[in-house]
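# Observations on chain architecture
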Amino acid sequence: MNNEKKHWLDDRANIKKLLHWFYWMCAALLATDFVFHRHVLHAWENLFGFYGIFGFVACTVLVLVAKEMRKALMRREDYYDDQ
Amino acid sequence: MMISSLPPFAIFYIGAVILALAPRGARPWIMLLIPVAGLGNMATLDDGLHLSFALFDFQATLLRVDKLSMLFGWLFHIAALFGAVFALHEKDLSQQVSATVYAGSALGAVFVEDLISLFVFWELLAVSSVFLIWARRTAKAYAAGLRYLIYQILSGVILMAGVLLYLYTTGQNSFSQLSLDNTASALIFLAFGVKCAFPFLHTWLTDAYPEATPTGTVFLSAFTTKVAVYSLARAFPGTEMLVYIGAAMTCFPIFYAVIENDLRRVLAYSMINQIGFMVCGIGIGTELALNGAVSHAFNDVIFKGLLMMTMGAVLFRTGKINGSDLGGLYKSMPKTTTFCIIGAASISAFPLFSGFVSKSMVMAAAVEEGYAWIWLMLLFASAGVFHHAGIKIPFFAFFAHDSGIRVREAPINMLIAMGIAAGLCLYIGIYPWTLYSLLPYPVAYLPFDTTHVLTQLQLLFFSALAFTWLKLTGIYPPELISTNIDADWLYRKLGPTLVKNVRVLYLRAIAPMRHAVNEGGSMIAQLTQRWYGENSGLGGVQTVGATIAIALLFFAIILVWDLLAA
């Protein structure tokens, strides 16, 4: 595999670059809450950064709870095979 | 244009017969031709009821053409078409025939106008589809297929009971809106619920779909559950219970999806999550909600089909499907990777991708109708779906750590099929008005206003930010080779264990009795031996003289007895 083509993503620096772009885009999206007034259907939506914060918290909670669920739910791969 | 009233299923059933008789080399092309011919027929269908005939004391109608049935009709033809292209390399006759009959049965079910015919196609759906699971030809697939079949037949039996009761009590055979206030309707509702994968009734889906063949799963994911969604939309719009069932369906599977290793099983869980949005929309029941529900069904078949195809291609090329075994495949399968990302963006409802234009209608309807907590649950599920289907699927299959697997790109027919589905995802996402014109109610909804686009982007980007943070800090749970227990534990573990234990207990309880019977038995045997055995007086060997003497003795006794009695 020595002569395999080196891919752009193989370089750690490129991944860093990509992540920085991503962080800036998150910040920019959050900043639109200062300038843009949403037409809303529900009062919660008026909170600053509601959607961003909700998305971040929701996913973190999702992953942490799922991780805890593993303790109760996870079995060997052949768990059902010994019947 | 000539107006036809050929029911769409007929083309598929006739096609299946031709397919079975055709030479091997021609079969894949015939399979492709069937949905093309079907699309041509669809274009000539005339609104209204056709093909009615008397069935026992009732009226059966095989063809009801209206907006709702036509929407699913177009959809199932499209799914059958990209499925056939994806399976063009397939030489297995049983899969080709069963997939064609299966697609035809789905079309039959959405076009019939009466309950008896619905039941017939409901059962045909079950029986034809199971061969797509068994065609994998592994012991695991065989067992999962059997469990799948039991569930599907169960749904059919409940439907039959409900329909018979309904016919008996109302004298009506028409399949139209029902209210949930009588036993007959409740049974029909439950039968739909099994096929729709309601919570606790969902395990046939997550159990069996990932065990089917790479091409089989593409067909399976398109039809069964969407026929159920259609049936709910037809019979139970505005049934409030569906709002809560749907919301539960959007939320619980995403936890499983995060910790599941088999990537096709992740997609199966995410399928329940997407059906949840549809069920919720049907439950809300306003025009906006129903439009949202059925258009989301339309989009889901296409983007879920696309994702199943990309994972099918990965399985086909690498022979592996567990997240823990894969990674870095973007190097050898770059086109499949691109298609997967398009599917992932669509299911995550990124603006300009198909999921966005339909799911947002259900969400908007939930807020409008005052279901604030339900709306929050749907929002949570939206963030979650991006997390497990939008990021996890492409990330662990094609990126993550390089597994070192080097394979060829997917075969050209698979790439074309994925291309068709990806093209549709983009087309509907960018220009939703074609889809909107097919919906049952006029659409006043504007998907691309600034609020919708910005809020959705914020939600998705910050969900991705959470993934990035959890991954970089190592909190994100690794992909582990494992089985996660779900409701199927009840009948795959608890049930068999109980039966086994009951048997042991039973044997233990009857042991003394058995002992007594054995003892008693051997005692009787000994006594018999003693009295009638070869050494006993009666059973032993006698001389001829002794035998005659005994006979004469008995004769004398009888004679005397007779004389005395006279």
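Residues numbered from 1 in each chain as written. Chains lettered and ligands numbered in written order. Predicted model: local features only at pLDDT ≥ 70, side-chain atom pairs only at ≥ 80, totals over all residues.

## Here's the deal with the overall build of chain A
For chain A, the count of helices and strands is 2 helices and 1 strand. Helices and strands appear in chain A in the N-to-C order α-α-β. Out of the 83 residues belonging to chain A, those deemed buried represent 13%. (Helix = DSSP H or I, 4+ residues; strand = E, 2+ residues; numbered from the N terminus. Buried ≥ 20, exposed ≤ 12 C-beta atoms within 10 Å, placed from the backbone.)

## Quick look at the nonpolar core
Residue and element names in this part refer to chain B. If you look at the biggest cluster of nonpolar residues, it comprises 196 residues, and the most contacted ones within it are Leu232, Cys280, Leu306, Leu307 and Leu378. Tallying contributions element by element places helix 12 (residues 287–318) first for this core, with 17 residues. Those residues in contact with Cys280, other than ones at most four positions away along the chain, are Leu242, Val243, Gly246, Ala247, Thr250, Val362, Ala366, Ile374 and Leu378. (Core = buried A, V, L, I, M, F, W, Y, C linked by C-beta atoms within 7 Å. Contact = placed C-beta atoms within 7 Å.)

## Considering the interface of chain A and chain B
At the interface, 35 residues of chain A touch 39 residues of chain B. Broken down by secondary-structure element, the contributors of at least two residues to the side of chain A that touches chain B are helix 1 (12–35), helix 2 (50–73) and strand 1 (74–75) of chain A. Looking at the side of chain A that touches chain B element by element, the count peaks at 16 residues for helix 2 of chain A. Its residues assigned to classes, the side of chain A that touches chain B shows 21 nonpolar, 8 polar and 6 charged. Relative to strand 3 (residues 483–484) of chain B, strand 1 of chain A runs antiparallel, the two being bridged by 2 bridges. Residue pairing across strands places Met74 of chain A opposite Asn484 of chain B, the latter belonging to strand 3 of chain B. (Nonpolar A, V, L, I, M, F, W, Y, C, P; charged D, E, K, R; others polar. Pairing = 2+ DSSP bridges.)

## Focus on the packing of helix 2 of chain A against helix 18 (residues 450–472) of chain B
Axis separation between helix 2 of chain A and helix 18 of chain B bottoms out at 7 Å; the angle between their running directions is 40°. In terms of orientation, helix 2 of chain A lies oblique with respect to helix 18 of chain B. Two packed elements cross with a definite hand, and for helix 2 of chain A against helix 18 of chain B that hand is right-handed. Together, Tyr51, Gly52, Phe54, Gly55, Phe56, Cys59, Thr60 and Val63 of chain A of helix 2 of chain A and Thr455, Gln458, Leu459, Leu460, Phe462, Ser463, Leu465, Ala466, Phe467 and Leu470 of chain B of helix 18 of chain B make up the contact between the two elements. For the contact of helix 2 of chain A with helix 18 of chain B, the residue count by class is 12 nonpolar, 6 polar and no charged. (Axes fitted to C-alpha atoms, helices over the stretch in contact; angles between N-to-C directions. Parallel < 35°, antiparallel > 145°, perpendicular 65-115°, else oblique. Left-handed = near helix turned anticlockwise from the far one by under 90°.)

## As for the pairing of strand 2 (residues 58–65) of chain B
As a general feature of sheets, a regular strand has side chains that alternate between the two faces. Residue and element names in this part refer to chain B. Both strand 1 (residues 48–55) and strand 2 contribute to a ladder of 7 bridges, which runs antiparallel. What sits directly across from Gly48, in strand 2, is Val65. Hairpin remark: strand 1 followed by strand 2, antiparallel, with 2 residues in the connecting loop; positive phi at Phe56, about 50°.

## With respect to the confidence of the model for chain B
Put simply, chain B has an average pLDDT of 92, and 99% of its residues get 70 or more. Taken over the whole predicted complex, pTM reads 0.88, whereas the ipTM for its chain interfaces reads 0.89. (pLDDT = per-residue confidence, 0-100.)

## Some words on the environment of Arg137 of chain B
Residues and elements named next belong to chain B. Along the chain, the position of Arg137 falls in the loop between helix 5 (115–134) and helix 6 (139–170). A residue is classified by how many C-beta atoms lie within 10 Å of it, and Arg137, with 10 of them, is exposed. Along the backbone, Arg137 and Ala212 are 75 residues apart, and their C-alpha atoms lie at a distance of 9.0 Å.

## A look at helix 16 (residues 412–430) of chain B
Residues and elements named next belong to chain B. Helix length check: helix 16, at 19 residues, gives a terminal C-alpha distance of 26 Å against a target of 27 Å (1.5 Å per residue), a fit within 8%. What helix 16 keeps buried is the set Met414, Leu415, Ala417, Met418, Ala421, Ala422, Leu424, Cys425, Ile428 and Gly429. In this structure, the buried side of helix 16 is in contact with helix 3 (67–86), helix 12, helix 13 (334–347), helix 14 (354–368) and helix 17 (433–437). (Expected span 1.5 Å × (residues − 1).)

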